[in-house]
Amino acid sequence: MFFLDNAWLVPLIPAISFIGILLFGKRAPRPASWFGVGAIGASWVLSVGALVQWIERIDDAGGAAGAIRAFGRSMVGAGAAGGGHGREEALPAVRPILHSFTWWTNGGADLRVGIQIDGLAVMMMFVVTTISLLVHIYSTEYMRDDRRYTHYFASLSLFSSSMLLLVVADNVVQLMVGWEIVGLCSFLLIGHWWEEKPNSNAALKAFFTTRTSDIGLMIGVVMAFFVVERATGTGSFDIMAVNEAALSGKVGHTLLMITALALLLAIIGKSGQFPLHTWLPDAMAGPTPVSALIHAATMVVAGVYLGARLYPIFYEGLSIRGGGVNAMAMVGGTTVIIGAALAFVQDDIKKVLAYSTISQLGYMVMGLGVGAWTAATFHLFTHAFFKANLFLGSGSVAHSGSHHSFDMKKSMGGLRKQMPQTFWTFVIGTLALTGFPLLAGFFSKDEILATAGESDFRLFEYIGLIGAVMTAAYMVRCIYLTFFGEYRGGAEGAPSSSAGTHGESHTHLSPHESPRAITAPLWVLSAFSIFAGYLNAPAFGIEKFQEWFEPRVVFPETLIHPEFKMVDAAIAVTVVLIGYGIAYAYYWARVLPQNVTERNAAARAGKTFLVNKYYLDHLYTGIVVGGIKGPIARASYWFDQRVIDGVVNGAGSAARMVARFTYDVIDQKGVDGAVNGLAVGTGELGGATRRLQTGRLQFYALVMFAAVGALGLLLWFSN
Amino acid sequence: MMLNQFLLLGAFLFCTGVYGALTRRNSVMVLMSVELMLAAVNTNLVAFSAYRGGDVAGQVFVLFVITIAAAEVGVGLAIVLLIYRNLRSSDLDDVDVLKG
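Basis of the calculations
- For every chain, the first residue of the written sequence is number 1, and numbering continues from 1 along that sequence.
- Here every chain gets a letter starting at A, and every ligand a number starting at 1, in the order they are written.
- Two thresholds apply to this predicted model, a pLDDT of at least 70 for residue-level local features and 80 or more for giving and counting side-chain atom pairs, whereas whole-chain, interface and lining totals are computed over all residues.
- The way it works is that DSSP assigns letters per residue, a run of H or I at least four long becomes a helix, a run of E at least two long becomes a strand, and they are numbered from the N terminus.
- Exposure in this text rests on C-beta crowding, where 20 or more other C-beta atoms within 10 Å of a residue's own make it buried, 12 or fewer make it exposed, and counts in between make it partly exposed. The C-beta atoms are placed from the backbone.
- We call two residues in contact when the distance between their C-beta atoms, placed using the backbone, is within 7 Å.
- Computation of the radius of gyration draws on C-alpha atoms, with the globule rule given as 2.2 Å multiplied by the number of residues to the power 0.38.
- Each residue gets one of three labels, nonpolar for Ala, Val, Leu, Ile, Met, Phe, Trp, Tyr, Cys and Pro, charged for Asp, Glu, Lys and Arg, and polar for the others, Gly among them.
- A pair of strands is labelled paired if DSSP reports no fewer than 2 bridges between them.
- Where each domain starts and ends comes from a domain assignment, either automatic or drawn from a database.
- Axes here mean lines fitted to C-alpha atoms, for a helix over just the part in contact, with angles spanning 0 to 180 degrees between N-to-C directions.
- Oblique is the label for any angle not under 35 degrees, not over 145, and not in the 65 to 115 range, which are roughly parallel, roughly antiparallel and roughly perpendicular in turn.
- By the definition used in this description, the sense in which the near helix is turned from the far one sets the handedness, with an anticlockwise turn below a right angle giving left-handed and a clockwise turn giving right-handed.
- One fewer than the residue count of a helix, multiplied by 1.5 Å, yields its expected span.
- To be clear, the arc concerns the directions from the helix axis to the C-beta atoms.
- pLDDT expresses how confident the predictor is about each individual residue, on a scale running from 0 to 100.

Engineer: Give me the overall build of chain A: which residues, what numbers.
Structural biologist: Helix and strand counts for chain A stand at 29 helices and two strands. Principal-axis analysis of the C-alpha atoms gives chain A an extent of 135 × 70 × 55 Å. Put simply, chain A has 719 residues, and 48% of those count as buried. A fraction of 77% describes how many contacts in chain A between residues 6 or more apart in sequence connect residues 24 or more apart.

This is the structure in structure tokens:
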């Protein structure tokens, strides 16, 4: 079990690389970046090792209890609605691997650092290191000749390290540390080109928005401590202890609910859920590989990961069992729809993908909210690959096709001929994202919907289906604008009709395929986009993802794992095809009325509403921030000037008086007097005795003899 | 056995040595005066040894004193030599750098 027991190496190696790149990167940027690639490569090897060993551990446990499992399977199938303890009989318990040491102790609370390696952690480690490795390789080409190449790779290393620290955390405090550092890296990388004002604004916005929601995480972490205290008598930050306490039934429902809601706030901010999703599209100001790594595949799913990690808290606190409506599913469901709707009106290809990410994160949170733990984490897994694929594809287009512009309407179009590899990988990513049958998204998204349907969350199943139509439509629109039609990005950017011809005179500027360092990661991710879904394809009787990665101890026992139903699949496929059809009819066949937004007032109003992003940014900057800046700021200023400054000044004056007294009386007269007196006394004594030191040897000898003689006389008389 | 004569001779030698050591300016003369004092002590030791009926402890002591005195003169003359080399004089009155 080497890889499982030593999983702490996985975050440590990129951390070393971070320091190494910072120290030596300035002198040798290229070798430093390859050092970063090598470090994350080593982490990747360790993660794969851990994954393999975890699967072996599961299989070993399963082999011993194979007969029981076969029996239990049928029990689950028969008694899914009954719930009960069928699951425990179904699968033998496999405990996570826990190693930790005490960091420091404070007031009886033991703060520890450690690893909790179970299926979820192993799965996330694999996702993070894989995507990070591919993004590192991609960046060596994409960021070539960047003015802050070294800092970029240092930040990537720090990000990988902290994300992995978050993933392996065995307690919520460590998780929070990782959570904050990834937020910092997100800030640094969004603002990578900070010379331009919008970029630094976007970085600040991302940072402040997520920080706002991090208040929820802090409250949640502290509350989790007291949840454990309520259940066992001693507080603890350990994730296992928190989950156990949440499931023990000894904790009041109100406490659990407040904890769950506080943590939900953290998820809303970090994972771009409505209404705090506004930072994520702006975060596209960062370099594209960063968007793929941080704002699509890993950091934004940290919220979902938190939800999956502390699932018992949410499960009990929000009463997810039994259907109906709860806060988590509502947040997720709303996000699915509003994210997808916004993706329609974006001209920037990365913003389309950003809103798509928001929408897909909505699926995950909704999945957690309807009790589809496995489906949600599975969707996290598949989404990481195909969304990273799409982001890196859009970066490839900008790098080699559209002169570093991301505007689909002005700089792209007709690129499928010049960039066939980028085109095909992008199509594969799109098909996987939209849930085309037998690709990754099909299995993961449909499992969320099926679970929602089976566990009496009908509403959310319908929301998910509507979202699927929209996803299909906006992604086809995106492909059309980027790869079909006429090339609109003339070398001079002139919007003339002749710009469509790829003039021979602009050969050095005309679109071309990207180098291999960019296309190779695209193909790897495309392969994952196609095949990742087969880890859990109930249609073929494969449920490996559930078997390997779902926790079997300290976990709600009444979760439903839906059987595969042809009807559900057929509905889902139909819905996706409808989405494709609408987009095809609009963009290719042009049978649907064009320019409807210019002719119809209602449609125009709707579009304006969407273009303005539901006016949420106006709400935040105009009303919330403006309100704070205006009267509240003035009131605080007055309070500051009059009350606080008064107190401070008063304290200052008093301190001065005390100081003056101390100086004059105690210091000058008392202390200095004593010291000076001592010095003067010593000096006078020295002056008196120096006369004895004549320096004449024979005088000394005389004194010595005289003294001996005197001593002799003394002895003589005293006897 | 007449002890008194020897003790008187020792006292005379010792007083001569002390007088020489305290009054002579030349450092070589001072060293010689110190030797006189040692000789006085040796005379006393030998006299007492003989007086106690041939107790050899006193005579052994004298041998040690003579050996040590030889070493002391060696060191002393070396110091005198260095003083002379530095000050171009062996006059003890000139050696007063420790004057306070």
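Engineer: Give me the lowdown on the overall build of chain B, citing residues and values where you can.
Structural biologist: In terms of regular secondary structure, chain B is built from three helices and zero strands. N-terminal to C-terminal, the α/β element order of chain B is α-α-α. On C-alpha atoms alone, chain B measures out to a radius of gyration of 17 Å, which is more than a quarter above the 13 Å that the 2.2 N^0.38 rule sets for 100 residues. The C-alpha extent of chain B, read off along each of the three principal axes, is 50 × 25 × 20 Å. By residue count, 11% of the 100 residues in chain B fall in the buried class.

Engineer: Which residues make up the interface of chain A and chain B, and what are the values?
Structural biologist: Listed as interface residues are eleven residues of chain A and, on the opposing side, eleven residues of chain B. Among the residues forming the side of chain A that touches chain B, the class breakdown is four nonpolar, four polar and three charged.

Engineer: Could you give me a rundown of the pairing of strand β2 (residues 109–117) of chain A, with the residues and numbers involved?
Structural biologist: As judged from the nine bridges shared by strand β1 (residues 97–106) of chain A and β2(A), these two strands associate in the antiparallel manner. When the bridges of β2(A) are listed, A:Asn106 appears paired with A:Ala109.

Engineer: Which residues make up unusual backbone geometry, and what are the values?
Structural biologist: All names here are of chain A. That bond from Phe274 to Pro275 is cis: its omega, 0°, falls within 30 degrees of zero. Mapped onto the secondary structure, Pro275 falls in the loop between α11 (253–270) and α12 (279–282). In this structure, Val554 takes a positive phi of about 50° despite not being glycine. Within the secondary structure, Val554 sits in the loop between α24 (544–549) and α25 (566–589). Judged by the 21 C-beta atoms lying within 10 Å of it, Val554 falls in the buried class.

Engineer: Outline the pairing of β1(A), supporting the account with residue identities and numerical values.
Structural biologist: Counting buried positions over the ten residues of β1(A) gives one, only a small fraction of the element. Linking β1(A) to β2(A), which pair antiparallel, is a turn of two residues; within it A:Gly107 sits at a positive phi near 55°.

Engineer: Lay out α25(A) with the relevant residues and their values.
Structural biologist: All names here are of chain A. Of the residues making up α25, those classed as buried are Ala572, Val575, Val576, Gly579 and Ala583. In this structure, the buried residues of α25 make contact with α20 (420–434), α21 (440–454) and α22 (458–483). Directly beyond the C-terminal end of α25, a positive phi value near 55° is found at Arg590.

Engineer: Before we move on, could you go through the domain arrangement of chain A and cite the residues and values that matter?
Structural biologist: Assigned domains within chain A: domain 1 (346–502 + 515–611) and domain 2 (616–707). Here the C-alpha centre of domain 2 of chain A lies 68 Å away from the C-alpha centre of domain 1 of chain A.

Engineer: Account for the packing of helix α18 (residues 373–400) of chain A against α21(A), with residues named and values stated.
Structural biologist: Residues and elements named next belong to chain A. The interhelical angle for the contact between α18 and α21, taken along N-to-C directions, is 155°, at an axis separation of 9 Å. Considering their axes alone, α18 and α21 lie roughly antiparallel with respect to each other. Crossing of α18 against α21: the hand is left-handed. Facing Ala375, Ala376, Phe378, His379, Thr382, Phe385 and Phe386 of α18, the residues of α21 in contact are Ala440, Gly441, Ser444, Lys445, Glu447, Ile448 and Thr451.

Engineer: Lay out helix α2 (residues 9–24) of chain A in plain terms, naming residues and giving numbers.
Structural biologist: Residues and elements named next belong to chain A. For α2, built from 16 residues, the straight-helix expectation of 22 Å at 1.5 Å per residue is met to within 8% by its first-to-last C-alpha distance of 22 Å. Within the sequence span of α2, burial applies to Val10, Pro11, Ile13, Pro14, Ser17, Phe18 and Ile21. Along the axis of α2, the buried residues cluster in a sector spanning 160°; they form a single face.

Engineer: Describe in detail the packing of helix α14 (residues 302–309) of chain A against helix α17 (residues 349–369) of chain A, supporting the description with residues and values.
Structural biologist: Residues and elements named next belong to chain A. Direction vectors running N to C along α14 and α17 enclose 10°, while the axes themselves pass 10 Å from each other. Comparing the axis directions of α14 and α17 gives the class roughly parallel. The residues of α17 that touch α14, namely those facing Val304, Gly307 and Ala308, are Leu361, Met364, Val365 and Leu368. When grouped by side-chain class, the residues that make up the contact of α14 with α17 number six nonpolar, one polar and no charged.

Engineer: Could you give an account of the confidence of the model for chain A, naming the residues involved and the relevant values?
Structural biologist: Residues and elements named next belong to chain A. With 91% of its residues at a pLDDT of 70 or more, chain A has an overall mean of 82. For residues 66–89, every residue scores under 50 in pLDDT, and the model assigns this stretch 25 contacts once sequence neighbours within four places are set aside. pLDDT under 50 marks residues 491–508. Its contacts with residues more than four places away, or in other chains, come to 13 contacts.

Engineer: Describe the environment of A:Leu619, and please don't skip the residues or the numbers.
Structural biologist: All names here are of chain A. Considering the arrangement of structural elements, one finds Leu619 in helix α28 (residues 616–689). According to the C-beta neighbour criterion, Leu619 is partly exposed, with 15 such atoms within 10 Å. Linking Leu619 and Ala520, residues 99 residues apart in sequence, is a C-alpha distance of 43 Å.

Engineer: Before we move on, can you summarise the confidence of the model for chain B with the specific residues and values?
Structural biologist: The predicted coordinates ought not to be read in detail in places where the model reports low pLDDT. On average, residues of chain B carry a pLDDT of 90, and 98% of them reach 70 or more. Scored as a complex, the prediction yields pTM 0.71 and ipTM 0.83.

Engineer: Quick one: what's the story with the environment of A:His192, residue by residue and with numbers?
Structural biologist: Residue and element names in this part refer to chain A. Within the secondary structure, His192 sits in the loop between α8 (172–190) and α9 (197–232). Residue classification places His192 among the buried positions, given that 20 C-beta atoms sit within 10 Å. Sequence separation of His192 and Leu204 is twelve residues, and the distance between their C-alpha atoms is 12 Å.

Engineer: Quick one: what's the story with the environment of B:Arg88, residue by residue and with numbers?
Structural biologist: Residue and element names in this part refer to chain B. Here Arg88 lies in the segment after α3 (56–87). For Arg88, a count of 9 C-beta atoms within 10 Å translates into the label exposed. For Arg88 and Ala69, which are 19 residues apart along the polypeptide, the C-alpha to C-alpha distance reads 27 Å.

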